[in-house]
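This is what each chain is made of:
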Amino acid sequence: MTLLTFRFAPSPNGELHLGHAYSALLNQGLARASGGRLLLRIEDIDTTRCTPQLEAGVFADLKWLGLGWEEPVRRQSEHFAEYEAVLDGLIREELVYPAFMSRGDIRAFITDSEKRGRDWPRDPDGVPLYPPADKALPVKERKRRIAENTPFAWRLDVDAAVALVGGDLAWTEFADETLSATRPVEARPQDWGDVIVARRDIPTSYHLAVVTDDALQGVSHVVRGQDLFSATGVQRLLQELLELPQPAYFHHQLILGPDGRKLSKSLGDTGLAALREAGASPDDIRLMIGL
Ligand code: GLU
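An account of the accompanying structure is given in this report.

Cut-offs applied
- Residues numbered from 1 in each chain as written.
- Predicted model: local features only at pLDDT ≥ 70, side-chain atom pairs only at ≥ 80, totals over all residues.
- Heavy atoms only, no water.
- Phe/Tyr/Trp six-rings, centres within 6.5 Å; stacked < 30°, edge-to-face > 60°.
- Buried < 20%, exposed > 50% of the residue type's maximum accessible area, 1.4 Å probe, protein only.
- Lys NZ or Arg CZ within 6 Å of the ring centre and 35° of its normal.
- Pairing = 2+ DSSP bridges.
- Helix = DSSP H or I, 4+ residues; strand = E, 2+ residues; numbered from the N terminus.
- Axes fitted to C-alpha atoms, helices over the stretch in contact; angles between N-to-C directions.
- Near = heavy atom within 4 Å.
- Polar contact = N/O pair within 3.5 Å; in protein donor to acceptor, adjacent residues only side chain to side chain.
- Areas by Shrake-Rupley, 256 points an atom, 1.4 Å probe, with all protein chains shown as cover.
- Nonpolar A, V, L, I, M, F, W, Y, C, P; charged D, E, K, R; others polar.
- Core = buried A, V, L, I, M, F, W, Y, C linked by side-chain atoms within 4.5 Å.
- Contact = heavy atoms within 4.5 Å.
- Expected span 1.5 Å × (residues − 1).
- Arc of directions from axis to C-beta.

## A short note on the packing of aromatic side chains
Logical step 1: A complete count under the given rule lists six aromatic pairs for this structure.
Logical step 2: Between Phe152 and Trp154, the aromatic rings sit 5.3 Å apart at their centres with planes inclined by 90°, giving edge-to-face as the arrangement.
Logical step 3: Judged by its relative accessible area of 12%, Phe152 falls in the buried class.
Logical step 4: Ring-pair connections join several aromatic residues into one group, and the members of that group are Phe100, Phe152 and Trp154.
Logical step 5: Above the face of the Phe100 ring, Arg145 is positioned so that its terminal group lies 5.1 Å from the ring centre.
Logical step 6: Directly above the aromatic system of Trp64 lies the positively charged group of Arg276, at a separation of 5.2 Å from the ring centroid.

Take a look at the structure:
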């Protein structure tokens, strides 16, 4: 029997908080209970916001919590060439296109469209979908802009991609943290519009790096926060396009702050380092998050 493989994949762009502790310890508990593997992956493709200091903090916090993981740890910033090769395939298949509109351009387009009485669609995070103009740009014009160094990002042509994989996309979601029962969830990648899959200076994006790595590392069970639930639709689509195996998913409850809101990386008082300095023990943390 192949071992179940779990992973905890933090981004060192801030300090870890109680929500991360819950996710990490839940993955550890599930790996242990099934005799499976636990991998740690550092998701640091955003090389401006992720720093060596923050990464050192992540390792220190996780060690203190008692998390154990397999070595070597995969650090995404060391694998850009691999993501670039995946991106090149999508470019060759014309499933991605260079998108030139800046945030300001997008805002202006949407204000204009809404002034004319048309509500512009938004993604599940409330961000307006990318306008369609660049998808229709003639190849010559794309080349001209790229040659002129106009900034751009590679965006997925989601309609073309969904048409190619044949429409019916779903994933397997566990009902709870006992991972006993599952249910199929319909994947709705179109809800996100033409997502960014790579940038000009960073040949990947969160989605592209995650699906590449989950497959490459043989991750069978993706256990992560509820906030990534609908992002899974985009990741399932990429898995189909890239012919990658599909893991099973469990999106766990989020640990909320005293104000009932999602924890953010800037909330000092729920940060693991701050709690440790205030005298909390790893057992106290487990109690605080109900594990
Ligand atoms: N790196 C992501 C984060 O810290 C998590 C990615 C994932 O679990 O798929 O939010």
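## A word on the sheet that holds strand E4 (residues 96–99)
Logical step 1: A sheet is described by the order of its strands in space; here three strands give the open sequence E4-E5-E8, paired in antiparallel fashion. Looking along the sheet, the strands with just one partner apiece sit at the ends: E4 and strand E8 (196–199). In this sheet, neighbouring strand axes are inclined to one another by 30° on average, regardless of whether the strands run parallel or antiparallel.

## A word on the site of the ligand
Logical step 1: Around the ligand, the neighbouring residues are Arg7, Ala9, Pro10, Ser11, Glu43, Tyr206, Arg224 and Leu228.
Logical step 2: With respect to the ligand, the backbone of Ala9 contributes an N or O atom lying 2.7 Å from a nitrogen atom.
Logical step 3: Taken by itself the ligand offers 300 Å² of open surface, and the protein chains cover 79% of this.
Logical step 4: Split by residue class, the shell around the ligand holds four nonpolar, one polar and three charged.

## Let's talk about helix H8 (residues 231–241)
Logical step 1: Most of H8 is tucked away, with ten of its eleven residues classed as buried.
Logical step 2: Those residues of H8 not exposed but buried are Ala231, Thr232, Gly233, Val234, Gln235, Arg236, Leu237, Leu238, Gln239 and Leu241.

## What about the nonpolar core?
Logical step 1: By size, the foremost hydrophobic cluster in this structure holds 33 residues, and its most contacted members are Leu18, Leu62, Ile285 and Ile289.
Logical step 2: Looking at this core, the elements that each hand over two or more residues are strand E1 (5–8), helix H1 (18–33), strand E2 (37–42), helix H2 (52–65), strand E10 (248–252), helix H9 (272–277) and helix H10 (282–289).
Logical step 3: A per-element tally of this core places H1 first, with eight residues.
Logical step 4: Ignoring any residue separated from it by four or fewer positions in sequence, one finds Ile285 in contact with Leu18, Ala21, Trp64, Leu65, Leu272, Leu275 and Ala280.
Logical step 5: One finds Leu87, Leu95, Leu137 and Val185 within the second-largest nonpolar core, a separate group that totals 32 residues.

## Comments concerning helix H3 (residues 80–92)
Logical step 1: Taking 1.5 Å as the rise per residue, H3 with 13 residues should run 18 Å; its terminal C-alpha atoms sit 18 Å apart, in good agreement.
Logical step 2: Looking only at H3, the buried set comprises Tyr83, Val86, Leu87, Gly89 and Leu90. Along the axis of H3, the buried residues cluster in a sector spanning 150°; they form a single face. Every exposed residue of H3 that faces more than 90 degrees away from the buried side is listed here: Ala81 and Arg92.
Logical step 3: Buried residues in H3 make contact with strand E3 (74–75), E4, strand E5 (153–156), E8, helix H7 (206–216) and H8.
Logical step 4: After H3 finishes, the residue Glu94 shows a positive phi value of roughly 55°.

## Quick word on the environment of Asp176
Logical step 1: Mapped onto the secondary structure, Asp176 falls in the loop between strand E6 (170–174) and strand E7 (182–186).
Logical step 2: In this structure Asp176 comes out as partly exposed when scored by relative accessible area, which is 30%.
Logical step 3: Only 2.4 Å separates the side chain of Asp176 from the side chain of Thr178, close enough to count as a polar contact.

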